[in-house]
Amino acid sequence: MKAFTDRWIENFSGKYDNETLGEITWVTGAVNPPVAELVVSLTIEPGARVIDLGCGAGVQSVFFAQHGYRVTGVDVSPQALKAARTLSGFYGVDVDWVEADVLETGLPAGEADLVHDSFIFHNIRPEARSAYVAEVARLLKPGGRMAVVGFSDHMVPGSGPIRLTSDDILSAFLPHFAVDELRRFRNFPTAKKPDQWHWFALLTRR
């Protein structure tokens, strides 16, 4: 089963091969505000085992590693992981970078305290969502957390990922997870998307 939508495969999957990081709109150099809150609030305590699915150039993975977490970054793109290794080297932090499909990571089961997803779920094909959530659940310890950031249905119109409704998130995750938090938040503006409304979901593995 293919994980990602045709639009992602056709328009976005090759960007790390063909564009500089500065030209890729989602590589901002900053972590999402609610993800930073997880660290500041000690919701996820330092030393926890974190898996960053679809880590891309590694911004979020490196952020977690800088704050004392044991991090594995997973991405299907070797070029993205090359950039991620450069970033982790620049900051002098250790991250285990793994090239793998998010539907079948090959990582050990039941070891993660947190699985993090910034802008991956909203690119997953609707018919592949249950497989994705099952893989996330497999990776987590019982009681482990899943953090999801993605485009909301209040996002500015335009091309790109699926605009998710609350039902899209809940219907996919509730078979394996309890919901701790689900809210929209205004993320950093960009030139093309000045009014960005995203979801943040924090869920606990049953």
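This text goes with the structure placed above it.
Fair warning: this is a prediction, and the values are worked out from it, not measured in the lab. (Residues numbered from 1 in each chain as written. Predicted model: local features only at pLDDT ≥ 70, side-chain atom pairs only at ≥ 80, totals over all residues. Heavy atoms only, no water.)

J.: Which residues make up the pairing of strand 1 (residues 49–53), and what values go with them?
T.: The buried fraction of strand 1 amounts to 5 of the 5 residues, a majority that puts the element mostly inside the structure. Burial of the side chains of strand 1 extends over both faces: Arg49, Ile51 and Leu53 are buried on one face and Val50 and Asp52 on the other. Alignment of strand 1 against strand 2 (residues 70–75), held across 5 bridges, turns out to be parallel. Residue pairing in the sheet places Val50 in a bridge with Val71 of strand 2. Read as a crossover between parallel neighbours, the route from strand 1 over helix 4 (residues 59–66) to strand 2 is right-handed. Here strand 1 runs beside strand 4 (residues 112–118); their pairing, made up of 4 bridges, is parallel. Pairing of Val50 across the sheet is with Leu114, part of strand 4. (Buried < 20%, exposed > 50% of the residue type's maximum accessible area, 1.4 Å probe, protein only. Helix = DSSP H or I, 4+ residues; strand = E, 2+ residues; numbered from the N terminus. Pairing = 2+ DSSP bridges. Right-handed = clockwise from strand over helix to strand, strands pointing away.)

J.: Tell me about the pattern of salt bridges, and name the residues and values.
T.: Tallied over the full model, the rule gives 9 salt bridges. The partner of Arg183 in a salt bridge is Glu37, with the nearest N and O atoms 3.0 Å apart. Pair noted here: Arg183 is in strand 6 (residues 177–186) and Glu37 is in helix 3 (residues 33–40), with a separation of 146 residues, a long-range link. Residues Asp113 and Lys141 are paired through a salt bridge, measuring 3.1 Å at the closest nitrogen-oxygen approach. In this pair, Asp113 sits in strand 4 while Lys141 sits in strand 5 (residues 140–151), placing the two residues 28 residues apart along the sequence. One network of salt bridges, with partners in common, ties together Glu37, Glu181 and Arg183. (Salt bridge = Lys/Arg side-chain N within 4 Å of Asp/Glu carboxyl O.)

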